[in-house]
There are 2 protein chains.
Amino acid sequence: MRLKLLLAYAGGRYSGWQIQEKPNPPRTIQGELENALRILAGVPVRAHGSGRTDAGVHAHGQVAHCDVPDGKAGLNWRKSLNALLPDDIRVLDAASAPLTFHARNDAVSKTYVYQFWQERAFVPPHLAPYVWCCGSLGVQYMRAALPHLLGEHDFAGLQNAGTDIRGTRRTLLFAEVAAMQPCEYYPPHLPLLRLTVSADGFLKQMVRNMAGLLAACGCQKIAPNDVPGLLAARDRKAVRAATAPASGLSLVKVEYAGAQTI
Amino acid sequence: MRLKLLLAYAGGRYSGWQIQEKPNPPRTIQGELENALRILAGVPVRAHGSGRTDAGVHAHGQVAHCDVPDGKAGLNWRKSLNALLPDDIRVLDAASAPLTFHARNDAVSKTYVYQFWQERAFVPPHLAPYVWCCGSLGVQYMRAALPHLLGEHDFAGLQNAGTDIRGTRRTLLFAEVAAMQPCEYYPPHLPLLRLTVSADGFLKQMVRNMAGLLAACGCQKIAPNDVPGLLAARDRKAVRAATAPASGLSLVKVEYAGAQTI
């Protein structure tokens, strides 16, 4: 039987989603998950994620599928997996899925959130693992850049090296920068800025490069009106903005057509 | 000169506030802070907290004072301490204070928060270190118990053993249970319950015992109307409710008369 898993993880302790087949492999989300699945299934089980999150990236709604023996259909997979997994990886839902369901191929859109903490003087300890401590940003400039990113574009300029994907056109379906007040206990602080982006797919480190570009707009290193030209150059180096750190990024939702959505 | 420090910490990795003078001492908040202070001051510095938080307890607003050489008055203490401290201990503010200021003796009230996560099936990884995963609670019963705790009482029945404090009368100034929706990304979940309590002082593990008592009310093991009788017994054993785990507890505010408030 095929299982569809909805997963959350705090990525800080992990070398990303993808298992690394080598001696003394680093800790990965897929590795921990497959380890727990193997114990429960009694046989090796391959877990297929909707995509590979980078080292240090978090998830509130990663989706994966895997095949387990039919004889184990009676198992409460959510409970059993959570009993075996480390606390920073949680199975939010585990449901049987059609044998044709594929977590990566069937995904129609994904949503990521990137969190910018604007106070350099302090970061609340409970937020520190989930933000980029980037200093004060002009949210109006970040917002002015968003319309230039929305819609279908060639996002090659926001893709980092080290991938063999050929097509670099993607459609950005939604983009928003919201100002949040997450910590009522803390001394007066600038709001946390939360970038939310949805697309039919993302290139390698595209959200982190977009976050870096928007932060550069926010501190007026790049003018929002220059964004179309930077994208058109299709050259990562032309975008004079660093890749934002992994800590701020979370995969929050993967959507599937119709009933495939968990 | 005397410094008044406003501190936040994630207590999960620490054996509480208080330094332990023994071989191979465990990691403590005070120990880490004094280590950083000694490096900056060039001499040993004793840090006095407003109170000792237990092992695993967090703080969003602990206050401490310490004396440092007058010659170091020009130092940016907040920035310098944060550069030396681990990420899970942060100095939110560092200000010079009158030499008479005493973080413990001058405190007129303290406020703690205790967080109950009601879903047993999953806890979001980023919340897990800061909640008690206690299952579903009837918030109306918890709220019905609060008026019986408010005001001046002998709280001996909510004090754990191992303290030499004699007087056990305290005045609970504020008590509230709020229902929060902290995780918009997660599958439908019961609200996080946040207990907030302020008092002129707290006995050893009093907030955790109060949280345990309220949880027992919330799952109808103890009737709210029985609370006055349980308190009157002045006997920890008479309160048939466990001490709630440290993870859910945070010290959020220490108040001082007049200008002494940071």
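Just so it is clear, the structure is predicted and the values come from calculations on it, not from any experiment.

Criteria and thresholds
Residues numbered from 1 in each chain as written. Chains lettered and ligands numbered in written order. Predicted model: local features only at pLDDT ≥ 70, side-chain atom pairs only at ≥ 80, totals over all residues. Heavy atoms only, no water. Helix = DSSP H or I, 4+ residues; strand = E, 2+ residues; numbered from the N terminus. Rg over C-alpha atoms; globule rule 2.2 N^0.38 Å. Buried < 20%, exposed > 50% of the residue type's maximum accessible area, 1.4 Å probe, protein only. Contact = heavy atoms within 4.5 Å. Areas by Shrake-Rupley, 256 points an atom, 1.4 Å probe, with all protein chains shown as cover. Salt bridge = Lys/Arg side-chain N within 4 Å of Asp/Glu carboxyl O. Axes fitted to C-alpha atoms, helices over the stretch in contact; angles between N-to-C directions. Parallel < 35°, antiparallel > 145°, perpendicular 65-115°, else oblique. Left-handed = near helix turned anticlockwise from the far one by under 90°. Nonpolar A, V, L, I, M, F, W, Y, C, P; charged D, E, K, R; others polar. Least-squares fit on C-alpha atoms with pLDDT ≥ 70 in both. Phe/Tyr/Trp six-rings, centres within 6.5 Å; stacked < 30°, edge-to-face > 60°. Lys NZ or Arg CZ within 6 Å of the ring centre and 35° of its normal. pLDDT = per-residue confidence, 0-100. Pairing = 2+ DSSP bridges.

Some remarks on the overall build of chain A
Logical step 1: Helix and strand content of chain A: five helices and ten strands.
Logical step 2: Radius of gyration (C-alpha) of chain A: 19 Å, near the 18 Å computed for a compact globule of 262 residues.
Logical step 3: The principal-axis extents of the C-alpha atoms in chain A amount to approximately 60 × 45 × 40 Å.
Logical step 4: Relative to its 262 residues, chain A shows a buried fraction of 53%.
Logical step 5: A separation threshold of at least 6 residues defines the contact pool for chain A, and within that pool the share at least 24 residues apart is 72%.
Logical step 6: Accessible surface, chain A as shown: approximately 11300 Å² in total, 51% of it carbon and sulfur.

Concerning the pattern of salt bridges
Logical step 1: Overall, the coordinates contain 16 salt bridges over all chains when judged by the stated rule.
Logical step 2: One salt bridge in this structure joins R13(A) and D88(A), with 2.6 Å as the shortest N-O distance. With a gap of 75 residues between them, R13(A) in the loop between β1 (2-9) and α1 (29-41) and D88(A) in the loop between α2 (77-84) and β4 (89-97) connect regions that are remote in the sequence.
Logical step 3: D54(B) is the salt-bridge partner of R208(B), the closest N and O atoms lying 3.0 Å from each other.

Comments concerning the environment of V227(B)
All names here are of chain B.
Logical step 1: Relative to the helices and strands, V227 resides in helix α5 (residues 227-232).
Logical step 2: A relative accessible area of 1% places V227 in the buried class.
Logical step 3: Note: C-alpha distance between V227 and H60 (167 residues apart in sequence) is 30 Å.
Logical step 4: Every residue in contact with V227, bar those within four places of it in the chain, is listed here: A145, H148, L149, L213 and C217.

Some remarks on the packing of helix α3 (residues 139-149) of chain A against helix α4 (residues 206-218) of chain A
All names here are of chain A.
Logical step 1: With their axes 8 Å apart at the nearest point, α3 and α4 run at an angle of 135° to one another. Taken together, the axes of α3 and α4 lie oblique to each other. For α3 against α4, the interelement crossing comes out right-handed. In this structure, α3 contributes Y141, M142, A145, L146 and L149 to the contact, and α4 contributes M210, L213, L214, C217 and G218.
Logical step 2: Of the residues contributing to the contact of α3 with α4, the split by class is nine nonpolar, one polar and no charged.

Considering the relation of the copies chain B and chain A
To go from the first copy of the chain to the second, apply a rotation about an axis and then a shift along the same axis.
Logical step 1: In screw terms, the move from chain B to chain A is a rotation of 180° and a rise of 0.0 Å along the axis, fitting with an RMSD of 0.0 Å. Such values leave the two copies arranged in the relation of a two-fold axis. Judged by C-alpha distance, H126(B) is the residue of chain B that lies nearest the rotation axis, at 4.0 Å.

Thoughts on the packing of aromatic side chains
Logical step 1: Evaluated as defined, the whole model comprises 16 aromatic pairs over all chains.
Logical step 2: Here F101(B) and Y256(B) contribute two aromatic rings whose centre-to-centre distance is 5.0 Å and whose plane-to-plane angle is 65°, an arrangement assigned as edge-to-face. Placement of F101(B) in the loop between β4 (89-97) and β5 (107-117) and of Y256(B) in strand β10 (residues 249-256) is noted, with a sequence separation of 155 residues between them. Considered together, F101(B) and Y256(B) belong to a single accessibility category, that of buried residues.
Logical step 3: Residues Y114(B) and F116(B) carry aromatic rings whose centres are separated by 5.1 Å and whose planes lie at 55° to one another, so their mutual orientation is tilted.
Logical step 4: Residue class for F116(B) comes out buried when judged on its relative accessible area of 0%.
Logical step 5: Through pairs of rings, three or more aromatic residues link up here, namely Y114(A), F116(A) and W132(A).
Logical step 6: Sitting over the ring of F101(A), K4(A) keeps its end group 5.0 Å from the ring centre.

What about unusual backbone geometry?
Logical step 1: If you check the backbone angles, Q220(A) has positive phi at about 60° while not being a glycine.
Logical step 2: As for its position among the elements, Q220(A) is in the loop between α4 and α5 (227-232).
Logical step 3: Of note, N24(B) is a non-glycine position whose phi angle comes to about 45°, a positive value.
Logical step 4: In this structure, N24(B) sits in the loop between β1 (2-9) and α1 (29-41).
Logical step 5: A relative accessible area of 74% means that N24(B) is categorised as exposed.

A word on the confidence of the model for chain A
Logical step 1: For chain A, per-residue confidence averages 95 on the pLDDT scale, and residues scoring 70 or more make up 98% of the total.
Logical step 2: This complex was scored by the predictor with a pTM of 0.94 and an ipTM of 0.90.

Observations concerning the pairing of strand β3 (residues 58-67) of chain B
All names here are of chain B.
Logical step 1: The element β3 is extensively covered by neighbouring structure, given that nine of its ten residues are classed as buried.
Logical step 2: Across seven bridges, the pairing between β1 and β3 is antiparallel. Across the sheet, residue K4 finds its bridge partner in β3, namely H65.
Logical step 3: Relative to β3, strand β2 (residues 47-49) runs antiparallel, the two being bridged by three bridges. Bridge assignment links G49 to a residue of β3, and that residue is A64.
Logical step 4: Bridging between β3 and β10 involves two bridges; their strand directions are parallel. Each residue of the ladder has a partner; that of H58, found in β10, is S250.

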